[in-house]
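# Coordinate analysis (summary)
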Amino acid sequence: NFKLLYEYHAAEFSLAPITADEQLRLIDTEIKHRPLILSDMDMERFGGARNMPHEFSTRDARERGDTWFWRWHYRALTVQRLYDEMITCRLDATYGPGPQGAEKLAADQLAQ
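Let me sum up the structure you'll find in this document. Owing to the predicted nature of the structure, the values given are computational and were not obtained by experimental measurement. Here the residue index of a chain counts from 1 through its sequence in written order. It should be noted that, the model being predicted, local features are given only for residues of pLDDT at least 70 and side-chain atom pairs only at 80 or more, the latter also being counted only at that level, while totals for whole chains, interfaces and linings use all residues. Think of the side-chain values as coming from all heavy atoms in the structure, minus any hydrogens and water.

## A few points about the pattern of salt bridges
Here is the rule we go by: Whenever a carboxyl oxygen of Asp or Glu lies within 4 Å of a side-chain nitrogen of Lys or Arg, that contact is scored as a salt bridge. A run of H or I in DSSP becomes a helix once it reaches four residues, and a run of E becomes a strand once it reaches two; helices and strands are each numbered from the N terminus. Residue burial is assigned from relative accessible area. The probe radius is 1.4 Å, only protein chains are included, and a residue is buried under 20% of its type maximum, exposed over 50%, and partly exposed in between.
Tallying each qualifying case throughout the model produces eight salt bridges. Between glutamate 22 and arginine 25 there is a salt bridge whose closest N-O contact spans 2.6 Å. Of this pair, glutamate 22 and arginine 25 are both found in helix α3 (residues 20-33), three residues apart, which corresponds to roughly one turn of the helix. Accessibility expressed as a relative area gives 28% for glutamate 22, which makes it partly exposed. Between arginine 64 and aspartate 60 there is a salt bridge; the shortest N-O distance is 2.7 Å. Pair noted here: arginine 64 and aspartate 60 are both in helix α5 (residues 59-64), with a separation of four residues, about one helical turn. Look at arginine 64 and you get partly exposed, because its relative accessible area is 46%. Residues participating in the shared-partner salt-bridge network are Asp60, Arg64 and Asp66.

What follows is the structure in structure tokens.
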């Protein structure tokens with residue numbers, strides 16, 4: 001909660017050993033120099049946008065042990081794929097699969 005972190009200055013004790021004002025200045029500078037690109041937050045693209053090989057986030061890397069394994073990204077990517085599957089399943093069940101389902105979804109004013 002930003003109110004707790006910055007209005008009550010809890011950030012000075014929880015995020016970094018610098019003042020809340022300095023943290024906000026650093027965040028502002030970062031946003032201006034490297035704006036957030038939402039497509040880079042897609043876990044399918046996240047590693048590549050940070051020059052991390054895809055192989056670091058695979059089940060094979062986790063099981064082999066002779067290569068570096070990016071556990072956080074592997075878990076986030078797995079969860080994202082499960083959400084994609086669940087949402088697709090729900091949309092297919094509600095509107096039908098394929099192009100016909102996409103047309104029904106596009107025509108649904110409530111969904112838009």
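## Thoughts on the layout of surface pockets
Counted only if it meets this: For each structure, a 1 Å grid was placed over the protein atoms alone; sets of points admitting a 1.4 Å probe that cannot get out are labelled cavities, open sets with protein on both sides within 12 Å along at least five of seven lines are labelled pockets, and lining residues have an atom within 4 Å of a point. Grid points are joined across faces, edges and corners, and a volume is the space filled by probe spheres set on the points.
Put simply, the largest pocket is a space of about 280 Å³. Lining the largest pocket, in full, are Glu30, Ile31, Arg34, Pro35, Leu36, Ile37, Asp40, Met41, Ala49 and Arg50.

## With respect to unusual backbone geometry
When glycine is set aside, most residues are seen to have a negative phi, and most peptide bonds are trans. One non-glycine residue, asparagine 51, adopts positive backbone phi at about 60°. The exposure class assigned to asparagine 51 is exposed, which follows from its relative accessible area of 71%.

## A closer look at helix α6 (residues 71-95)
For the record, the criterion: Expected span of a helix: the number of residues minus one, times 1.5 Å. In what follows, residue pairs with any heavy atoms lying within 4.5 Å of each other are defined as contacts.
Over its 25 residues, α6 extends 36 Å from the first C-alpha to the last, a length consistent with the 36 Å expected when each residue adds 1.5 Å. Among the residues of α6, His73, Tyr74, Leu77, Gln80 and Tyr95 are the ones counted as buried. Of the surrounding secondary structure, the elements contacted by the buried residues of α6 are α4 (43-49), α5 and α7 (98-107). Downstream of α6 by a residue or two, glycine 96 has a phi angle that is positive, lying close to 100°.

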